[in-house]
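Coordinate analysis (summary)
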Amino acid sequence: MGSSLNKPELIKDGKRLDGRAFDELRPLKIEAGVLKNADGSAYLEWGNNKVLAAVYGPREAMPKHMTDPTKGIVKCRYSMAPFSGIDDHGRSGPNRRSTEISKVAKEAFENVILLNDYPSGMIEIFMEILQSDGGTRAAGITAASVALANAGIHMKDMMYAVSAGRIDEHIVLDVNMIEDNYSDADMPMVIAPRNNDVLLLQMDGGLDKGQFDQAVKMVLEAGKKIHEVQKRALEDYYNMREGK
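As the structure is a computational prediction, the values presented were derived from the model and not from experiment.

Structural notes on a nonpolar patch on the surface
Where nonpolar side chains cluster on the molecular surface, the patch consists of V198, L201 and M203 and spans about 230 Å² of accessible area. In this structure, V198 sits in strand β11 (residues 197-201). Residue class for V198 comes out partly exposed when judged on its relative accessible area of 44%.

Structural data, given as structure tokens:
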């Protein structure tokens with residue numbers, strides 16, 4: 001988030017700069033099964049974000065010393081292509097931010113994958129940000145959840161992610177990059193929708209209790225739409241395979 005100096009006006013006439021209402025998602029589309037060589041994959045466009053997710057496994061865990069004979073292990077890598085954006089997130093190779101997002105995403109996925117079904121196995125999850133415009137961790141995790149389902153990985157639920165934020169006194173949904181840079185708070189959340197379990201909640205900035213409750217409510221409401229897009233991507237893939 002940026003300082004208040006040189007802060008652009010993010011809300012005009014009750015709308016955000018891109019014309020959205022406070023509780024409105026950017027356009028979202030997902031396609032499953034886009035990579036032939038992966039066990040599962042998904043391509044996502046969310047606003048100006050473009051994300052490719054791939055899943056490999058379950059396969060034998062490597063290196064051997066990482067093997068757990070009682071359950072599978074998850075490896076997770078979030079990375080931004082060098083050409084993905086104009087900021088320093090676009091440097092090639094891992095940086096602190098991508099390492100941190102890989103770690104928190106891995107922990108979220110470990111909560112939904114039925115790892116006991118895969119003793120001595122390994123599931124690798126890759127999230128590659130091809131084009132970035134804020135909310136890329138949410139976009140990556142949402143795409144990777146579809147890729148896991150596409151790979152046939154046993155899961156308790158197919159989770160989704162989206163962020164809410166605060167601009168002055170307004171709570172807004174699905175923060176884009178300029179809003180992220182200059183907003184007063186940003187709160188990405190990962191939800192398992194069956195019971196609305198919160199698997200990840202990060203906070204940058206501050207919300208009071210009323211604002212926090214409003215942000216969570218907004219995320220859960222939007223999640224119904226996101227989850228429908230995820231399910232439709234999988235249905236379209238299997239219908240296409242069956243020639244329907």
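Here we look at the side chain of E124
Within the fold, E124 resides in strand β7 (residues 121-131). Of the polar contacts made by the side chain of E124, one reaches the side chain of R59; its length is 2.4 Å. Here E124 is in contact with A54, V55, Y56, R59 and K75, once residues within four sequence places are set aside.

Observations concerning the sheet that holds β7
Note: strands within a sheet are paired through backbone hydrogen bonds, in either parallel or antiparallel orientation. If you trace the five strands from one edge of the open sheet to the other, you get β3-β4-β5-β7-β6, paired in mixed fashion. Each edge of the open sheet is held by one strand with a lone partner, namely β3 (28-32) and β6 (73-80). For this sheet, the mean inter-axis angle between neighbouring strands, taken without regard to orientation, is 15°. Note: strand β5 (residues 49-60) against β7, nine bridges, orientation antiparallel. Bridge pairing in β7 places V55 opposite I125.

Thoughts on the nonpolar core
Counting 64 residues, the largest nonpolar core has F109, I113, I125 and I141 as its most contacted members. Setting aside chain neighbours within four positions, we find F109 in contact with C76, I125, I141, A144, S145, L148 and M159. Counting five residues, the second-largest nonpolar core is a separate cluster that includes L10, I11, I167 and V172.

Quick word on the packing of helix α1 (residues 96-112) against helix α2 (residues 136-150)
Where α1 meets α2, the axes come as close as 11 Å, and the angle between the chain directions of the two elements is 40°. On the basis of the axis angle, α1 is oblique to α2. In the crossing of α1 with α2, the sense of the turn from one axis to the other is right-handed. Residues R97, E100, I101, A105 and F109 of α1 form the contact with α2, whose participating residues are T136, R137, I141, A144, S145 and L148. Classifying every residue of the contact of α1 with α2 gives six nonpolar, two polar and three charged.

So, the packing of aromatic side chains
A full pass over the atoms with the stated rule returns two aromatic pairs. Between the aromatic rings of Y56 and F126, the centroid separation amounts to 5.8 Å while the plane-to-plane angle is 80°, which identifies the pairing as edge-to-face. Placement of the pair is Y56 in strand β5 and F126 in strand β7, with a sequence separation of 70 residues. Judged by centre distance (4.9 Å) and plane angle (80°), the rings of Y237 and Y238 are edge-to-face.

Considerations on the environment of L115
Tracing the backbone shows L115 in the loop between α1 and β7. By relative accessible area, which is 9% here, L115 ends up buried. Each C-alpha atom of the pair L115 and T70 lies 8.7 Å from the other, and the pair is 45 residues apart in sequence.

Some points on the environment of S41
Note that S41 resides in strand β4 (residues 40-46). According to the relative accessible area criterion, S41 is buried, its value standing at 1%. Along the sequence, S41 and E31 sit ten residues apart, while their C-alpha atoms lie 8.6 Å from each other. With residues up to four places along the chain from it excluded, the contact list for S41 reads E31, A32, G33, V34, L35, A53, A54, A147 and N150.

What to know about the pairing of β7
Inspection of the sheet shows β6 paired to β7 by eight bridges, in the parallel sense. Within β7, the residue paired with K75 across the bridge is E124.

As for the pairing of strand β9 (residues 170-173)
Here strand β8 (residues 160-167) pairs with β9 via four bridges, running antiparallel. The residue of β9 that forms the bridge with I167 is H170. In textbook terms, the turn of a hairpin is the stretch between consecutive antiparallel strands, and for β8 and β9 this stretch comprises two residues, one of which, D168, has a positive phi near 55°.

Rules used in this analysis
- Residues numbered from 1 in each chain as written.
- Predicted model: local features only at pLDDT ≥ 70, side-chain atom pairs only at ≥ 80, totals over all residues.
- Heavy atoms only, no water.
- Patch = residues over 30% accessible without salt bridge, like charges linked within 9 Å, V, L, I, M, F, W, Y side chains within 5 Å.
- Areas by Shrake-Rupley, 256 points an atom, 1.4 Å probe, with all protein chains shown as cover.
- Salt bridge = Lys/Arg side-chain N within 4 Å of Asp/Glu carboxyl O.
- Helix = DSSP H or I, 4+ residues; strand = E, 2+ residues; numbered from the N terminus.
- Buried < 20%, exposed > 50% of the residue type's maximum accessible area, 1.4 Å probe, protein only.
- Polar contact = N/O pair within 3.5 Å; in protein donor to acceptor, adjacent residues only side chain to side chain.
- Contact = heavy atoms within 4.5 Å.
- Pairing = 2+ DSSP bridges.
- Axes fitted to C-alpha atoms, helices over the stretch in contact; angles between N-to-C directions.
- Core = buried A, V, L, I, M, F, W, Y, C linked by side-chain atoms within 4.5 Å.
- Parallel < 35°, antiparallel > 145°, perpendicular 65-115°, else oblique.
- Left-handed = near helix turned anticlockwise from the far one by under 90°.
- Nonpolar A, V, L, I, M, F, W, Y, C, P; charged D, E, K, R; others polar.
- Phe/Tyr/Trp six-rings, centres within 6.5 Å; stacked < 30°, edge-to-face > 60°.

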